[in-house]
Amino acid sequence: MGAIDRLDPVMRERARELRNNPTPFEKKVWRALRGSQLGRYKFKRQTVIEPWIVDFFCPGKGLVIEIDGDTHDVDRDRKRDAALEGRGFRVVRFTNRDVASNIEGVLEKILITAEALPDRFTHPPTPSLEREGEE
């Protein structure tokens, strides 16, 4: 049973709905993030990190990107960000206005933040093709 199987089915379905109906601002950001285009970092969109759904998530860095519309509750967002950061994630927020008027600046901030974060996953070194101890 994979991690996705353990997700609340209601949350999983809501995330799917959000992926299928992005805002114009989320579409604009996704066009730049998809396919590891930005710094070769893999991002996912509308990812469940229970009990929330985050707009964009880079699993390799633990980086959460949120694009906020006019209806966001700043106090609630602050508490949510603190809870996510308490679980080891880094949250960066942008407004719809930021995306509309300065997408280059938004992408630069995402890239700089990702580059500054340590990798969350380490992989064992690839074995040498040469036999050890032989000359």
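Here, every reference points to the structure presented above.
Throughout what follows, the structure given in this document is the object of discussion.

Cut-offs applied
Residues numbered from 1 in each chain as written. Predicted model: local features only at pLDDT ≥ 70, side-chain atom pairs only at ≥ 80, totals over all residues. Heavy atoms only, no water. Helix = DSSP H or I, 4+ residues; strand = E, 2+ residues; numbered from the N terminus. Buried < 20%, exposed > 50% of the residue type's maximum accessible area, 1.4 Å probe, protein only. Areas by Shrake-Rupley, 256 points an atom, 1.4 Å probe, with all protein chains shown as cover. Lys, Arg positive; Asp, Glu negative; His and termini not counted. Salt bridge = Lys/Arg side-chain N within 4 Å of Asp/Glu carboxyl O. Phe/Tyr/Trp six-rings, centres within 6.5 Å; stacked < 30°, edge-to-face > 60°. Pairing = 2+ DSSP bridges. Axes fitted to C-alpha atoms, helices over the stretch in contact; angles between N-to-C directions. Contact = heavy atoms within 4.5 Å.

Another aspect to go through is the overall build of the chain. Helix and strand counts for the chain stand at five helices and four strands. For the chain, the sequential pattern of α-helices and β-strands runs α-α-β-β-β-α-β-α-α. Per-residue burial over the chain gives 35% buried out of 135 residues. Put simply, the chain shows about 9,300 Å² of open surface, and 49% of that area lies on carbon and sulfur atoms.

Relative to the assigned elements, Glu26 resides in helix H2 (residues 24–33). For Glu26, which is buried and forms no salt bridge, the nearest opposite charge comes from Arg45, at a distance of 6.9 Å.

What follows deals with the pattern of salt bridges. On inspection of all chains with the given rule, the structure shows eight salt bridges. Residues Glu66 and Arg80 are paired through a salt bridge, measuring 3.5 Å at the closest nitrogen-oxygen approach. Separated by 14 residues along the polypeptide, Glu66 in strand S3 (residues 63–68) and Arg80 in helix H3 (residues 74–86) bring together distant segments of the chain. With relative accessibility at 2%, the residue Glu66 sits in the buried group. Between Asp77 and Arg93 there is a salt bridge, with its nearest N and O atoms 3.6 Å apart.

It is worth spelling out unusual backbone geometry at this point. Cis geometry is adopted by the peptide bond preceding Pro51, which originates at Glu50 and carries an omega value of 10°. Among the secondary structure elements, Pro51 is positioned in the loop between strand S1 (44–49) and strand S2 (52–58). At Ser36, a position not held by glycine, the phi torsion is positive, near 55°. Tracing the backbone shows Ser36 in the loop between H2 and S1. Despite not being glycine, Gln46 has its phi angle at roughly 50°, a positive value. Relative to the elements of secondary structure, Gln46 occurs in strand S1.

Below, the discussion takes up the packing of aromatic side chains. As enumerated under the stated definition, the model contains two aromatic pairs in all. The interplanar angle of 75° and the centroid separation of 5.6 Å between the aromatic rings of Phe57 and Phe89 together place this pair among those described as edge-to-face. Of this pair, Phe57 sits in strand S2 while Phe89 is found in the loop between H3 and strand S4 (90–95), placing the two residues 32 residues apart along the sequence. Judged by its relative accessible area of 8%, Phe57 is buried. Judged by its relative accessible area of 11%, Phe89 falls in the buried class.

With mixed pairing, four strands are arranged side by side in an open sheet as S1-S2-S3-S4. Of all strands in the sheet, those with a lone pairing partner are S1 and S4, marking the two edges. Here the average twist between neighbouring strands, direction ignored, is 45°. Sheet analysis places S2 next to S3, joined by three bridges and oriented antiparallel. By the bridge assignment for S3, Phe57 is matched with Val64. Relative to the sheet, H3 contacts S1, S2, S3 and S4, its axis offset from that of S4 by approximately 150°.

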